[in-house]
Amino acid sequence: MSRAVKDWVSEKVSDAEAAMREGDYTGSTAKEARETSPYKKGDVFLVLHDEKPKRARAIMVSGHYLRTQDQYVPRYRVQLETSKGVWSKLWNNVWPGDIQRGFEAAEQLKGEAQ
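Rules used throughout
- Residues numbered from 1 in each chain as written.
- Predicted model: local features only at pLDDT ≥ 70, side-chain atom pairs only at ≥ 80, totals over all residues.
- Heavy atoms only, no water.
- Pairing = 2+ DSSP bridges.
- Helix = DSSP H or I, 4+ residues; strand = E, 2+ residues; numbered from the N terminus.
- Core = buried A, V, L, I, M, F, W, Y, C linked by side-chain atoms within 4.5 Å.
- Buried < 20%, exposed > 50% of the residue type's maximum accessible area, 1.4 Å probe, protein only.
- Salt bridge = Lys/Arg side-chain N within 4 Å of Asp/Glu carboxyl O.
- pLDDT = per-residue confidence, 0-100.

Could you give an account of the pairing of strand S1 (residues 44-49), with specific residues and numbers?
In the sheet, S1 pairs with strand S2 (residues 52-66) via six bridges, with the strands oriented antiparallel. Its bridge partner being in S2, Phe 45 is matched across the sheet by Ala 56. In this structure, the hairpin formed by S1 and S2 is closed by a connection of two residues, where Asp 50 is found at a positive phi of approximately 55 degrees.

Please provide a residue-by-residue account of the nonpolar core, values included.
Residues Tyr 39, Phe 45, Val 47, Tyr 76, Val 78, Ile 99 and Phe 103 are the most contacted members of the largest nonpolar core, which totals 16 residues. Every element with two or more residues in this core is listed here: S1, S2, strand S3 (71-81) and helix H2 (96-113).

So, unusual backbone geometry: which residues are in play, and what are the values?
With a phi angle near 55 degrees, Asp 50 is a residue other than glycine that sits in the positive phi range. Mapped onto the elements, Asp 50 comes out in the loop between S1 and S2. Backbone geometry at Glu 51 places phi at a positive 65 degrees, although glycine is not the residue there. Within the element layout of this structure, Glu 51 appears in the loop between S1 and S2.

Tell me about the pattern of salt bridges, and please be specific about residues and values.
Two side chains with opposite charge may pair up if their charged atoms get near one another. As enumerated under the stated definition, the model contains five salt bridges in all. As a salt-bridge pair, Asp 98 and Arg 101 come within 3.0 Å of each other at their nearest N and O atoms. Placement of the pair is Asp 98 and Arg 101 together in helix H2, with a separation of three residues, close to one helical turn. Overall, Asp 98 belongs to the buried group, its relative accessible area being 17%. Notably, a salt bridge pairs Glu 107 with Lys 110, separated by 3.9 Å at the nearest N-O pair. With Glu 107 and Lys 110 both in helix H2, this residue pair falls three residues apart, about one helical turn.

Which residues make up the confidence of the model for the protein chain, and what values do they have?
Predicted coordinates in areas of low pLDDT are best not read in detail. The share of residues in the protein chain with pLDDT of 70 or more is 95%, and the mean pLDDT across the chain is 86. The weakest mean pLDDT in the protein chain belongs to H2 at 87; the strongest belongs to S3 at 93.

Written out as structure tokens, the structure reads:
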């Protein structure tokens with residue numbers, strides 16, 4: 001399985017703010033977890049990557065079964081923002097916890113800067 005984005009085009013990251021959204025991150029089926037997810041394809045949010053928050057754009061949302069929780073949760077296939085300010089050619093899988101930690105790290109950095 002390739003981790004490269006199919007038909008990738010160098011696209012500048014917009015200055016739109018990434019916002020934390022509250023929502024239901026669980027479901028009894030994969031379809032329900034995907035449909036009730038607060039983030040959809042094309043949404044931008046923060047994830048914790050290499051110990052710092054990075055902007056990420058969802059290119060796919062799927063439901064994934066977690067045996068430890070005995071329920072389905074959304075899994076996001078995302079492109080991360082590169083140091084050049086464009087969306088990466090490669091995709092990564094992230095989970096709701098990665099998104100929550102990304103926004104928490106951004107708040108912590110904002111608090112330290114003040």
